[in-house]
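# Residue-level structure breakdown
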Amino acid sequence: MPDYSLFDHAPDAIIVADASGKIVFANPHVEEVFGFTPMDLLGRAVEDLMPHRVREEHTGHRAGFARKPAARSMAMGKTLTALRSDGSEIPVEVSLSPHRVKEGLFVIAAVRDVTRRVALQRESAYAAQLALGIVDNARMPMLVLDAELRIELANPAFHSCFRTTPDETNRRHLISI
């Protein structure tokens, strides 16, 4: 089996599995992400790091990857869910790279915990929704403009005061109204 110790210095959790999905290497960062030591993971199935509801489906995905191995991100832009040693679930991003050697195909997975980013996205979406609600319900005319002074939003009070419709204002330059 190849020496994967170089991955000990990677910034992400790195897991190497053989074609059957058995973990043959894990770097020290797996402990931060999954709560398992690298030794705890050796010999286990990669599906052990996934919630039960997706394990069977993943087995099919793994077989598909073995048929057409190529470096790629899993779930293409979607957040995946990983299972920690304590049973809690965390959002992760996973990138895969095939590594074919004389012993066969190995898959190198870089796993990044994105809990903080997901929380910030939720907070940002909530704040935007709250701000939209305030503007939309304000009694005085209000506009939301982009950097080029195009109207992103005109509230109902604006439309009432200036006798316009959303079709007449949305994405129009402020000067053209």
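If you're wondering where the values come from, they're calculated on a predicted model, not measured in any experiment.

Calculation rules
Residues numbered from 1 in each chain as written. Predicted model: local features only at pLDDT ≥ 70, side-chain atom pairs only at ≥ 80, totals over all residues. Heavy atoms only, no water. Helix = DSSP H or I, 4+ residues; strand = E, 2+ residues; numbered from the N terminus. Rg over C-alpha atoms; globule rule 2.2 N^0.38 Å. Buried < 20%, exposed > 50% of the residue type's maximum accessible area, 1.4 Å probe, protein only. Areas by Shrake-Rupley, 256 points an atom, 1.4 Å probe, with all protein chains shown as cover. Phe/Tyr/Trp six-rings, centres within 6.5 Å; stacked < 30°, edge-to-face > 60°. Polar contact = N/O pair within 3.5 Å; in protein donor to acceptor, adjacent residues only side chain to side chain. Contact = heavy atoms within 4.5 Å. Salt bridge = Lys/Arg side-chain N within 4 Å of Asp/Glu carboxyl O. pLDDT = per-residue confidence, 0-100. Expected span 1.5 Å × (residues − 1).

## Some points on the overall build of the chain
A count of helices and strands for the chain gives six helices and eight strands. Reading the secondary structure of the chain in the N-to-C direction produces β-β-α-α-α-β-β-β-β-α-β-β-α-α. The globule rule puts the C-alpha radius of gyration for 177 residues at 16 Å, and the 25 Å found for the chain is more than 25% above it. With the principal axes as the frame, the chain shows a C-alpha extent of 75 × 35 × 30 Å. Residues classed as buried in the chain amount to 33% of the 177 residues present. Per element, the accessible surface of the chain, about 11200 Å² overall, is 57% carbon and sulfur.

## Overview of the packing of aromatic side chains
The relative placement of two aromatic rings is captured by the distance of their centres and the angle of their planes. Applying the stated criterion across every chain, the model contains one aromatic pair. Centre to centre, the rings of F158 and F162 are 4.7 Å apart; their planes meet at 35°, and the pair counts as tilted. With a gap of four residues between them, F158 and F162 both fall in helix 5 (residues 156-162), about one helical turn apart.

## Considering the side chain of T164
Within the element layout of this structure, T164 appears in the loop between helix 5 and helix 6 (166-169). A distance of 2.8 Å separates polar atoms of two side chains, one belonging to T164 and the other to H159. Discounting chain neighbours no more than four positions away, the residues touching T164 are F158, H159 and T169.

## Thoughts on the pattern of salt bridges
A full pass over the atoms with the stated rule returns nine salt bridges. Here R171 makes a salt bridge to D146, at a shortest N to O gap of 3.4 Å. Of this pair, R171 sits in the segment after helix 6 while D146 sits in the loop between strand 7 (143-145) and strand 8 (151-154), and the two are 25 residues apart along the sequence. Put simply, E152 and R171 hold a salt bridge, and the shortest N to O gap is 2.2 Å. One end of the pair, E152, is in strand 8; the other, R171, is in the segment after helix 6, with 19 residues separating them in the sequence.

## Focus on the side chain of N27
One can find N27 in the loop between strand 2 (23-26) and helix 1 (30-34). Of note is the side chain of N27, whose polar atom sits 2.9 Å from the backbone oxygen of D12. The residues touching N27, leaving out its near neighbours within four places in the chain, are F7, D8, A10, D12, A13, I14 and P38.

## Brief notes about the confidence of the model for the chain
Mean pLDDT over the chain works out to 91, with 99% of the residues at or above the 70 mark. Across the chain, the secondary-structure element scoring lowest on mean pLDDT is strand 3 (residues 72-73), at 86, and the one scoring highest is helix 2 (residues 38-41), at 97.

## Regarding unusual backbone geometry
Note: most peptide bonds trans; most residues except glycine with negative phi. Even without a glycine there, the phi angle at R163 is positive, about 50°. Topologically, R163 is positioned in the loop between helix 5 and helix 6. On the basis of relative accessible area, R163 is assigned to the exposed category, the value being 75%. The phi dihedral of R171 is positive, around 65°, even though this residue is not glycine. Residue classification places R171 among the partly exposed positions, given a relative accessible area of 42%.

## A short note on helix 3 (residues 52-67)
Between the first and last C-alpha of helix 3 there are 24 Å, a value that for 16 residues agrees with the 22 Å anticipated at 1.5 Å per step. The complete set of buried residues in helix 3 reads R55, H58, R62 and F65. As for helix 3, its buried residues are in contact with strand 3, strand 4 (80-83), strand 5 (89-101) and strand 6 (104-113).

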